[in-house]
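Each chain, letter by letter, is given below.
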Amino acid sequence: MSSFTEFCGYITASPRTLAEQVVDRVLAKIDQDILAEERLRAVDMYEELLGYLGETIGNEADLEVPDALIEWSKQNAEMQVSSGGKISEIVVRYPPTRVVMAELFTELSVKSGLSLEENALVIKRINTLLDVSLNETFFAFERLQEKYEAEMQSEMIALSAPIVPVADDVVVLPLIGYLDSYRVNHILTNVIPRVAEMNVHHVITDFSGVLKIDDQTAEAIHHIGSTLSLMGIHVVVAGLRPDLVQTIVQSGIQLTSADAYATVKQALESLEKIES
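Conventions adopted
Residues numbered from 1 in each chain as written. Predicted model: local features only at pLDDT ≥ 70, side-chain atom pairs only at ≥ 80, totals over all residues. Heavy atoms only, no water. 1 Å grid on protein atoms, 1.4 Å probe; cavity = no way out; pocket = protein on both sides within 12 Å on 5 of 7 lines; lining within 4 Å. Points joined across faces, edges and corners; volume = space filled by probe spheres on them. Helix = DSSP H or I, 4+ residues; strand = E, 2+ residues; numbered from the N terminus. Buried < 20%, exposed > 50% of the residue type's maximum accessible area, 1.4 Å probe, protein only. Arc of directions from axis to C-beta. Core = buried A, V, L, I, M, F, W, Y, C linked by side-chain atoms within 4.5 Å. Contact = heavy atoms within 4.5 Å. Phe/Tyr/Trp six-rings, centres within 6.5 Å; stacked < 30°, edge-to-face > 60°. Salt bridge = Lys/Arg side-chain N within 4 Å of Asp/Glu carboxyl O. Pairing = 2+ DSSP bridges. Patch = residues over 30% accessible without salt bridge, like charges linked within 9 Å, V, L, I, M, F, W, Y side chains within 5 Å. Areas by Shrake-Rupley, 256 points an atom, 1.4 Å probe, with all protein chains shown as cover. Lys, Arg positive; Asp, Glu negative; His and termini not counted. Charge placed at Lys NZ, Arg CZ, Asp CG, Glu CD. Right-handed = clockwise from strand over helix to strand, strands pointing away. Axes fitted to C-alpha atoms, helices over the stretch in contact; angles between N-to-C directions. Polar contact = N/O pair within 3.5 Å; in protein donor to acceptor, adjacent residues only side chain to side chain.

Asker: Just give me the short version of empty space enclosed by the protein, but keep the residues and values in it.
Answerer: Scanning the model with the defined rule gives one cavity of 30 Å³ or more in all. Each pocket or cavity is described by its volume, and for the largest cavity that value is around 220 Å³. What lines the largest cavity is a set of 16 residues, and nearest its centre among them are Val26, Ala42, Tyr46, Trp72 and Arg93. When residues of the lining of the largest cavity are traced back to their parent elements, those giving at least two are α2 (15–30), α3 (36–56), α4 (67–83) and α6 (94–112).

What follows is the structure in structure tokens.
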């Protein structure tokens, strides 16, 4: 039996022991503590990876990536996104992992009497698998980060225009933060239909929490008011600061048809007089 065959047989027979050595050496090199559960996941993954490596290393044409490696890479990315971590916290582990695995398998190669060419083949296979893992981690992190940001944006948009009932036929629509195109579209497609279902007569749009309005947003606000008016709902404007009024005036939008008050309290008092 050749030394290379014996080398592959040893890896195939001892993947757990080697996996634990890899994980512990990497953690020692980067001086980082991880949860016992995370260490166990890493050991499990490397056990399957090394078992696969021992079985296929002698066949150049048989280089598939173990499912465990792909799943482990994706789970690492998911953990970073969910905890608000950075991708760099994972990436920094790969260079020491390459070093550790190269050192470990070079030691085994020397003990088994492998040639330089055979040792180079082993290191090449290891680096190829680590490259795949790094790529999968990057891709998964980007996909999950984009999804997470979209979900957060959706939640923030929903919170930026809540509907607050203050009387049987009156609701207040507090507009909060920056009124960008996403939030305006949320109001048009989600908030206005909900207002219509509530069968109210008056809507007080409160601008006191708005940070900034541009020309495009001013046009959209006018469209929102016009839509509510066409539905037979009385629109009352409150909380427009001088800087917001200036932007609306400069945009050429006319809001003179809507009743305007400095505060929501004043708007409510005026509606009470109308109803009485």
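Asker: Help me get a handle on helix α10 (residues 242–250), residues and values and all.
Answerer: All buried positions along α10 are accounted for by Leu244, Thr247 and Ile248. Angular distribution of buried residues about the axis of α10 spans 100°; they occupy a single face of the element. Seen from the buried face of α10, the exposed residues on the opposite side, beyond 90 degrees, are Pro242, Val249 and Gln250.

Asker: So what's going on with the nonpolar core? Which residues, and what values?
Answerer: Counting 42 residues, the largest nonpolar core has Phe7, Tyr46, Leu50, Met101, Phe105 and Val122 as its most contacted members. Where this core is concerned, the elements lending two or more residues are α1 (3–13), α2, α3, α4, α6 and α7 (116–160). It is α7 that provides the largest number of residues to this core, a total of nine residues. When neighbours within four sequence positions are excluded, Leu50 is seen to be in contact with Ile11, Pro15, Leu18, Ala19, Met101 and Phe105. Among the nonpolar cores identified, the runner-up in size contains 24 residues, and Val191, Val200, Ile213 and Val237 belong to it.

Asker: Break down the packing of aromatic side chains for me, with residues and values.
Answerer: Across all of its chains, the model carries three aromatic pairs by this definition. Taken together through their ring pairs, the aromatic side chains of Phe4, Phe7 and Phe105 make up a single cluster.

Asker: How would you explain the pattern of salt bridges if you had to name every residue and give the values?
Answerer: In total, this model carries six salt bridges according to the counting rule given. Asp24 is paired through a salt bridge with Arg39; the nearest N and O atoms lie 3.0 Å apart. Of the two residues, Asp24 sits in helix α2 while Arg39 sits in helix α3, which places them 15 residues apart along the sequence. Several salt bridges converge on common partners, so that one network encompasses Arg16, Asp44 and Glu47.

Asker: Give a description of the environment of Ala19 that names residues and reports values.
Answerer: With respect to the helices and strands, Ala19 occurs in helix α2. Residues Ala19 and Leu50, spaced 31 residues apart in sequence, show a C-alpha to C-alpha distance of 7.2 Å. Every residue in contact with Ala19, bar those within four places of it in the chain, is listed here: Val43, Tyr46, Glu47 and Leu50.

Asker: Lay out the pairing of strand β4 (residues 234–238) with the relevant residues and their values.
Answerer: Where a strand is regular, its side chains alternate between the two sheet faces. Taking burial as the measure, the five residues of β4 include four buried ones, the bulk of the element. When strand β3 (residues 202–212) meets β4, the two strands line up parallel, connected through five bridges. Across the sheet, Ile204 pairs through a bridge with Val236, a residue of β4. In this structure, β4 lies alongside strand β5 (residues 259–261), joined through three bridges in parallel fashion. Within β5, the residue paired with Val237 across the bridge is Ala260.

Asker: Can you break down a negative patch on the surface residue by residue, with the values?
Answerer: Together, Glu48, Asp67, Glu71 and Glu78 line one region of the surface with negative charge. For the negative patch, the element with the most residues is α4, which contributes three residues. Checked against the element boundaries, Glu71 lands in helix α4. Judged by relative accessible area, Glu71 falls into the partly exposed class, the value being 42%.

Asker: With reference to specific residues and values, describe the pairing of β3.
Answerer: Pairing of strand β2 (residues 170–178) with β3 involves eight bridges; the strand directions are parallel. Each residue of the ladder has a partner; that of Tyr178, found in β3, is Lys212. Of the crossover connections in this fold, the one passing from β2 over helix α8 (residues 181–197) to the parallel β3 is right-handed.

Asker: Account for the sheet that holds β3, with residues named and values stated.
Answerer: Pairing is mixed across the open sheet formed by five strands, whose spatial order is β1-β2-β3-β4-β5. One side of each edge strand has no neighbouring strand; the edge strands of this open sheet are β1 (164–167) and β5. Looking at each pair of strands side by side, their axes are set apart by 25° on average, direction ignored. The sheet strands contacting α8 are β2 and β3, and the helix crosses β2 at an angle near 165°.

Asker: Tell me what's going on with the side chain of Ser270, and back it up with residues and numbers.
Answerer: With respect to the helices and strands, Ser270 occurs in helix α11 (residues 264–275). Of the residues examined, Ser270 reaches a relative accessible area of 12% and is grouped as buried. Within the local environment of Ser270, its side chain forms a polar contact with the side chain of Tyr261, the two groups lying 3.3 Å apart.

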